[in-house]
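Reading the structure
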Amino acid sequence: MKFLKIILSILIFISPVNANTIYYLIKIPNLEIHSSNSKNGLKYLKAMKPFEVGIKDNSVSCFNSSEKEIEKKMPIIEKNLNKYTSAFLKKINLKYIVLCENLSVSQISGAGVPNPKTKTLVIDIKFNEKYFERVLHHEIFHMINESHKEKFYYEIWKNFNNSEFKYAKCSTCSDRLDLSLIKENKGFVTEYSMSTASEDMAEVFSFLIIDSKKIENKALLDPILNKKILFIKKNILKIDENFNFN
């Protein structure tokens, strides 16, 4: 009986210690470790309560998910994120995946929030089922881009497009939101890719990871898109020459 009490007291003590350690590392409250034994070293954290971080005009908020919902999505998340090696993840400053739902940034719904400074990617696990897997890679690209801005100059990318085309000032400034593959629109894979250069890059990258044949077949008849694909591949391989797009 005495031994059981000792064990219980240790477990009670460990829980807040873990929560405090997580907060110290990534500055997001109300998190707990979900799993930490992934083959590429990613640590999965789950929200135990809703959280909000940042200031009003640049805040990130998200709600906790049920254990059932997390367990349902984990095989899909791990299948996709396990495509990235531990060596590559280290190069793009990604170590922690935060799982929550109803994610919003400045009160605008979002699929993910990357933060290379804290090596963290927040994911809305209830984001649109149809595009969920591809969106994971879209958000990974934002981690890549933020960590290696010198390799992804927006001005070079913009020059690939027809001279009359202009991106919006920001992704939330645009009403181009559709994530489905478009058949005709020279140089673009989705309507959303037409919002900003950063989102355009992320959309191209996500298709290269999820459905490279489809996008590369499209590029056979689209020289602008072909240039964008070559640009992404070339610069990803500069980060990690062993990167596998398949």
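Another aspect to go through is the state of the cysteines. If you walk through the whole model with that rule in mind, you get one disulfide. Two residues, Cys62 and Cys100, share a disulfide whose sulfurs are 2.1 Å apart. Where Cys62 bonds to Cys100 through sulfur, the torsion about that S-S bond is close to 95 degrees, and the disulfide is right-handed. Taken as a pair, Cys62 in strand E4 (residues 60-63) and Cys100 in strand E5 (residues 96-105) lie far apart in primary sequence, 38 residues in all. The same class applies to Cys62 as to Cys100, namely buried.

A few words on helix H7 (residues 212-219). Three or more residues of H7 are buried, namely Ser212, Ile215, Lys218 and Ala219. Projected down its long axis, H7 carries its buried residues within an arc of 135 degrees, all on one side. H7 presents Lys213 and Asn217 as exposed residues on the side facing more than 90 degrees away from its buried surface. Looking at the packing, one finds that the buried side of H7 touches helix H6 (197-210) and helix H8 (223-239).

With that out of the way, let us pick up the packing of aromatic side chains. Under the counting rule described, the total for this entry stands at 14 aromatic pairs. Ring geometry for Phe88 against Phe243: centres 4.8 Å apart, planes inclined by 50 degrees, an arrangement best described as tilted. Taken together, the positions of Phe88 in helix H3 (residues 86-91) and Phe243 in the segment after H8 put the pair 155 residues apart, joining distant regions of the chain. Each member of the pair, Phe88 as well as Phe243, is classed as buried. When the ring of Trp157 is compared with that of Phe160, the centres are 5.9 Å apart and the planes differ by 70 degrees; the resulting orientation is edge-to-face. Given the relative accessible area of 0%, Trp157 is considered buried. Put simply, the rings of Tyr84, Phe88, Phe141, Phe152, Trp157, Phe160, Phe205, Phe231, Phe243 and Phe245 touch in pairs and so form one group of aromatic residues.

With that settled, consider the confidence of the model for the protein chain. Predicted confidence across the protein chain gives a mean pLDDT of 88, with 89% of residues reaching 70 or more. Scored below 50 in pLDDT, residues 1-17 makes one contact in the model with residues more than four places away or belonging to other chains.

Before going further, it helps to examine the side chain of Glu69. With respect to the helices, strands and loops of the structure, Glu69 is situated in helix H2 (residues 67-81). Here Glu69 sits buried without a salt bridge, and the closest side chain of opposite charge, Lys72, lies 4.3 Å off (N-O distance).

Residues in a regular strand point their side chains to alternate faces of the sheet. Of all the five residues making up strand E2 (residues 43-47), four are buried; the element is thus mostly covered by neighbouring parts of the structure. As paired strands, strand E1 (residues 31-35) and E2 are joined by four bridges and run antiparallel to one another. Its bridge partner lying in E2, Glu32 is registered against Lys46. Strand direction decides the pairing type here: E2 and E5, joined by four bridges, are parallel. Residue pairing across strands places Lys46 opposite Leu99, the latter belonging to E5.

Conventions adopted
- Residues numbered from 1 in each chain as written.
- Predicted model: local features only at pLDDT ≥ 70, side-chain atom pairs only at ≥ 80, totals over all residues.
- Heavy atoms only, no water.
- Disulfide = S-S within 2.5 Å.
- Helix = DSSP H or I, 4+ residues; strand = E, 2+ residues; numbered from the N terminus.
- Buried < 20%, exposed > 50% of the residue type's maximum accessible area, 1.4 Å probe, protein only.
- Arc of directions from axis to C-beta.
- Contact = heavy atoms within 4.5 Å.
- Phe/Tyr/Trp six-rings, centres within 6.5 Å; stacked < 30°, edge-to-face > 60°.
- pLDDT = per-residue confidence, 0-100.
- Lys, Arg positive; Asp, Glu negative; His and termini not counted.
- Salt bridge = Lys/Arg side-chain N within 4 Å of Asp/Glu carboxyl O.
- Pairing = 2+ DSSP bridges.

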